[in-house]
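# Working through the structure, step by step
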Amino acid sequence: MHPDLTERILQHLEGVDKVNTIDLATLFGVGHQKIVGALKSIEAHGELVIAETTTGKNLELTDEGQTVMQNGSHEAVVYAAVPLDGILQEELMKISPNAKIGYSKAMSLGWLFLDKSVTPPLVKRKVEKIEDTVKKSLEEISKNQTDLPPHVIKEFKKRKLLQEIIIKSFVLSKGPEFATTLTKLETDLTIDMLASGLWKDLKFKAYNFDALGAAPVRGHLHPLQKVRTEFRQIFLEMGFSEMPTNNYIESSFWNFDALFVPQQHPARDAQDTFFISHPAKSYKFPREYMQRVQEVHSKGGYGSTGYVYDWKLEEAQRNTLRTHTTAVSARMLYKLANQPEGFRPVKYFSIDKVFRNETLDATHLAEFHQVEGVVADVGLTLGDLIGTLYEFFRKLGIEKLEFKPAYNPYTEPSMEIFCFHPGLNKWIEVGNSGVFRPELLLPMGLPENVNVIAWGLSLERPTMIKYGINNIRDLIGPKVDLKMVEEGPICRLDK
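Residues numbered from 1 in each chain as written. Predicted model: local features only at pLDDT ≥ 70, side-chain atom pairs only at ≥ 80, totals over all residues. Heavy atoms only, no water.

### Describing the nonpolar core
Among the nonpolar cores identified, the biggest contains 35 residues, and Phe231, Phe392, Phe393 and Trp455 are the most heavily contacted of them. Sorting the residues of this core by element identifies α11 (223–237), β9 (346–355), β10 (367–378), α16 (382–395), β12 (411–421), β13 (426–436), β14 (450–458) and α18 (460–467) as the ones contributing at least two each. If you tally residues by element for this core, the top one is α11, at five residues. Counting 33 residues, the second-largest nonpolar core is a separate cluster that includes Val261, Met290, Leu441 and Met444. (Core = buried A, V, L, I, M, F, W, Y, C linked by side-chain atoms within 4.5 Å. Buried < 20%, exposed > 50% of the residue type's maximum accessible area, 1.4 Å probe, protein only. Helix = DSSP H or I, 4+ residues; strand = E, 2+ residues; numbered from the N terminus.)

### Describing the side chain of Lys124
Take Lys124: it is sitting in strand β4 (residues 122–125). The exposure class of Lys124 is buried, given its relative accessible area of 19%. Side chain to side chain, Lys124 and Asp115 meet in a polar contact 3.0 Å long. Excluding its chain neighbours within four sequence positions, the residues that come into contact with Lys124 are Val82, Asp85, Gly86, Trp111, Leu112, Phe113 and Asp115. (Polar contact = N/O pair within 3.5 Å; in protein donor to acceptor, adjacent residues only side chain to side chain. Contact = heavy atoms within 4.5 Å.)

### Focus on the pattern of salt bridges
Per the counting criterion, the structure on display carries 14 salt bridges. Among the ionic pairs, Lys94 bridges to Glu91, the shortest N-O distance being 3.7 Å. On the basis of relative accessibility, which here comes to 62%, the residue Lys94 falls in the exposed class. Exposure remark for Glu91: the relative accessible area of 38% places this residue in the partly exposed category. Across the pair Arg437 and Glu439 runs a salt bridge, and its minimum N-O distance is 3.0 Å. Residue classification places Arg437 among the buried residues on the basis of a relative accessible area of 18%. Taken together, the shared-partner salt bridges connect Arg228, Arg232 and Glu242 into one network. (Salt bridge = Lys/Arg side-chain N within 4 Å of Asp/Glu carboxyl O.)

### What about the domain arrangement of the protein chain?
Many authors give the size of an interface as the accessible area that is lost as the parts come together. According to the domain assignment, the protein chain consists of domain 1 (5–62 + 163–191), domain 2 (66–155) and domain 3 (224–487). A C-alpha centroid distance of 46 Å is found between domain 1 and domain 2. (Domains from an automatic or database assignment.)

### A word on the pairing of β14
For β14, the buried fraction is high: seven of the nine residues fall into the buried class. Of the strand pairs in this sheet, β10 and β14 are connected by nine bridges, and their pairing is antiparallel. Note that in β14 the partner of Glu372 across the bridge is Gly456. In terms of strand pairing, β13 meets β14 through four bridges, oriented antiparallel. Note that in β14 the partner of Asn432 across the bridge is Gly456. (Pairing = 2+ DSSP bridges.)

Right, dumping it as structure tokens:
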């Protein structure tokens, strides 16, 4: 806004009774919105002016009208395209997208005629010279230099050359506090003003009680939390109960031995697992159950030969950051096997952190979330596992599944789960699954006819796919963009 625009308005108003803001915009050579902005500044200083709202109609050229003003009307363009010796009608229709309309208008105005005395008939000029009144009228309208008859305006509107717009303006007149200059409005009432009485002679800026306050700072859910909520809802819809997973530190017994993982397995090396130095060992175990686990490892049992090695208590006592939430599943199944009321079918799930001594790269961190589902019931088979997986992944929006045989120490048979990714146009691995071995279940005390099926997948991979994140370090860790967390959309899996 021009710095003197408010005072120019007041000075102009001093010499007249009333003036319209549109006329002021033309007089000062500025946009109407700038005049309105200056008026708002004047009104903030008190009742210097009285502004009455008024509306008016104005004609403006449409985009098509602008084209006609520059290039000529459709009928004039068609007339100009007709050579003296004539042209085939189908050839004439190709000169412009509006040739059909122009041809019809030119025929009705008597500018052209169809000569049927020749074969094939030709379109020829009927007059030697024309006047493009449409273009001329539009040029005058653009300069506000003409008043067209109502029937012409109606025709131009029908042809979509003109549009009528409503303009809101203000009629200004002098107010009870009129002055040609603006006094500075005070925004703060100070102690000095009150003590000296100066406040009586000052003008204060009015409070705007309708103004919106600053948006309060608030927390935002991380993308992992949003996707976790969706996974959790799917499990609950399928009738699963959530397992307690707040035990990040786990003994090697529950993390490995109870799951029939041999003590010499590579996963139990420091290169793959984080071991705890304080406290380094656990000492409280179900004694009889631990003896059965030792027996099945070292000598076999339940139809198995075991691993035939010297099982050591010291190795089972070592504390570790749990490498999978299947350790939680082992605890829950042992509790299920030893409840006083006897066995009952259950469906469990868990979603929580696990820790592995991984090399950090774009897709691996030392900690990640594991999503696990476990079902225990009488007579469950591999078919039940496959059917449950199809239903689970269908709720995720994944319809095409394939299964590949795999090896796990604690499941037999075991299957890797693949789904077809239409965006990548290929099959990708999404999880692992299997039926828990008898060497795992029977030492716990579960009945022989009870089988347990289970599957697991990560939480980070689907989150990265959903939010278009290519590097896991942009999802978790010190490099995370908090703006991404704040503005990330609510997760909705394609159910």
